[in-house]
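# A closer look at the structure
What follows is each chain in one-letter form.
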Amino acid sequence: MRAETQSLVDEIKQAISLLRRHLDWDQALKRLDYLNARAEDGDLWNDPQQAQELMRERQTLEDSITAINRMNANLDDGIALIELGEEEGDNDVVAEAEASIRALKSELADRQIDTLLSGEADANDAYVEVHAGAGGTESQDWAEMLLRMYTRWAERRRFKVEVLEVHDGEEAGIKSATILVKGHNAYGWLKTESGVHRLVRISPYDSNARRHTSFASVWVYPVIDDSIEIEVAESDVRIDTYRASGAGGQHINTTDSAVRITHIPSGIVVQCQAERSQHKNRAKAWDMLRARLYEEELKKREEAASATEASKTDIGWGHQIRSYVLQPYQLVKDLRTGVENTSPQDVLSGDLDGFMKASLSQRVHGGEAAEVPDIE
């Protein structure tokens, strides 16, 4: 076997071994046996919610175990074919086997990311808030560009996007917006995007074509279900109603149906104007508030809490997580991981996976993912 191929085989074996360790292989097999037995219990569906949770866990565990077994088998087959081809001097067989082993490399990279998305709420849908920083039209335009970037990223992954509220800027762009991204692992993928994003470009709003720096903040938090109890006292919140803004025509409400809820102890503010009914907007805003409070509790449990808190501070210099430079050169750089992309237009069109994967590897479970080798 060629040295290059042997090196790749060794790398893949190590990666599969780490995936097994992360899954806690022996316990996972026992757990799957238990879940399979429970699934056969005729009384299981007496509690539909519990039954659905059990079936989801069973499917996820079965998929992971099956995938690891299949990758192991494919690797063994590839090695056997290479040995057979070398014995018979058949270069075509060797080349085919080497190609199959290289294909495993790509699949393993995706599986490694799945191991990084095993946090308490990673599988959930996600709320994404975007807020313009100081700077008027420049920052408001930048906030709208970010909103479009995350919408396109979600569409690339076949996630659904629901716009919950948008506050338009005076001349262009948006002051703030909240979207709901629906899809498996939406929060897990998006959670490292919270922070301040910095744009450098020649301003389209400056008649002198000067270079401007703009800031906008992004905040991501998970949608939570009714099984998670979050107590919020009525006396701790202030509820305001207002007339929803929009692009005009049918999107503008003629009544004060939009709802804003302020949680006084924490200072958290959520708002919703997606529905024409104030009652529906109020219910959705309460869900958002509970989700924000839950996300705050998750953050407290993470070793990265200090960095996360820092990202909540002023939207400006010194707090940014990523810079998007359109002039004088073309570069997007993540300031936490050092990952760069020299095609800002691709990034602004939703090409964010490289940044997200690097941030997940650095952050999740206090750096546990660092032992998963990079085989991309």
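Going by the structure above, here's the rest.
The shown structure was predicted, so the numbers you read here are calculated from the model rather than taken from an experiment.

In summary, soluble globular proteins display a tendency toward joint burial of nonpolar side chains. Grouped together as the largest cluster of nonpolar side chains are 62 residues, with contacts concentrated most on Leu190, Leu289 and Tyr324. With nine residues, helix H5 (residues 137–156) is the single largest residue contributor to this core. Looking at which domains feed residues into this core, each of domain 2 (126–226 + 316–365) and domain 3 (237–309) supplies at least three. Setting aside residues up to four positions removed in sequence, Tyr324 forms contacts with Trp142, Leu146, Met149, His197, Arg198, Leu199, Val200, Leu331, Val332, Val347 and Leu348.

A few words on the pattern of salt bridges. Enumeration according to the criterion identifies 20 salt bridges in this entry. For Arg2, the salt bridge goes to Glu4, with nearest N and O atoms at 3.4 Å. For the salt bridge of Arg336 with Asp334, the shortest nitrogen-to-oxygen distance reads 2.8 Å. Because the salt bridges share partners, they merge into one network encompassing Glu162, Lys182, Glu275 and Lys284.

Take the pairing of strand S10 (residues 331–334) next. Pairing of strand S9 (residues 320–325) with S10, which is carried by four bridges, proceeds in the antiparallel orientation. Each residue of the ladder has a partner; that of Tyr324, found in S10, is Val332. Inspection of the sheet shows S10 paired to strand S11 (residues 340–341) by two bridges, in the antiparallel sense. When the sheet's bridge partners are listed, Val332 is paired in S11 with Asn341. Between S10 and S11, which follow one another and run antiparallel, lie five residues, and Gly338 among them has a positive phi close to 85 degrees.

The strand order across the open sheet formed by eight strands is S2-S3-S1-S5-S4-S9-S10-S11, and the pairing between neighbours is mixed. Each having just a single partner strand, strand S2 (160–168) and S11 make up the two edges of the open sheet. Judged from the eight bridges that link them, S2 and strand S3 (residues 174–182) form a sheet pairing that is antiparallel. Of the residues in S3, the one forming a bridge with His167 is Ser176. Relative to strand S5 (residues 211–222), H5 is tilted by about 45 degrees, and along the sheet it contacts strand S1 (126–132), S2, S3, strand S4 (195–202), S5 and S9. The strands touched by helix H7 (residues 278–300) are S1, S2, S3 and S5; relative to S5, the strand with the most contacts, the crossing angle is about 95 degrees.

About the thresholds
Residues numbered from 1 in each chain as written. Predicted model: local features only at pLDDT ≥ 70, side-chain atom pairs only at ≥ 80, totals over all residues. Heavy atoms only, no water. Core = buried A, V, L, I, M, F, W, Y, C linked by side-chain atoms within 4.5 Å. Buried < 20%, exposed > 50% of the residue type's maximum accessible area, 1.4 Å probe, protein only. Helix = DSSP H or I, 4+ residues; strand = E, 2+ residues; numbered from the N terminus. Domains from an automatic or database assignment. Contact = heavy atoms within 4.5 Å. Salt bridge = Lys/Arg side-chain N within 4 Å of Asp/Glu carboxyl O. Pairing = 2+ DSSP bridges. Axes fitted to C-alpha atoms, helices over the stretch in contact; angles between N-to-C directions.

Taken by themselves, the reported measurements are silent on function.
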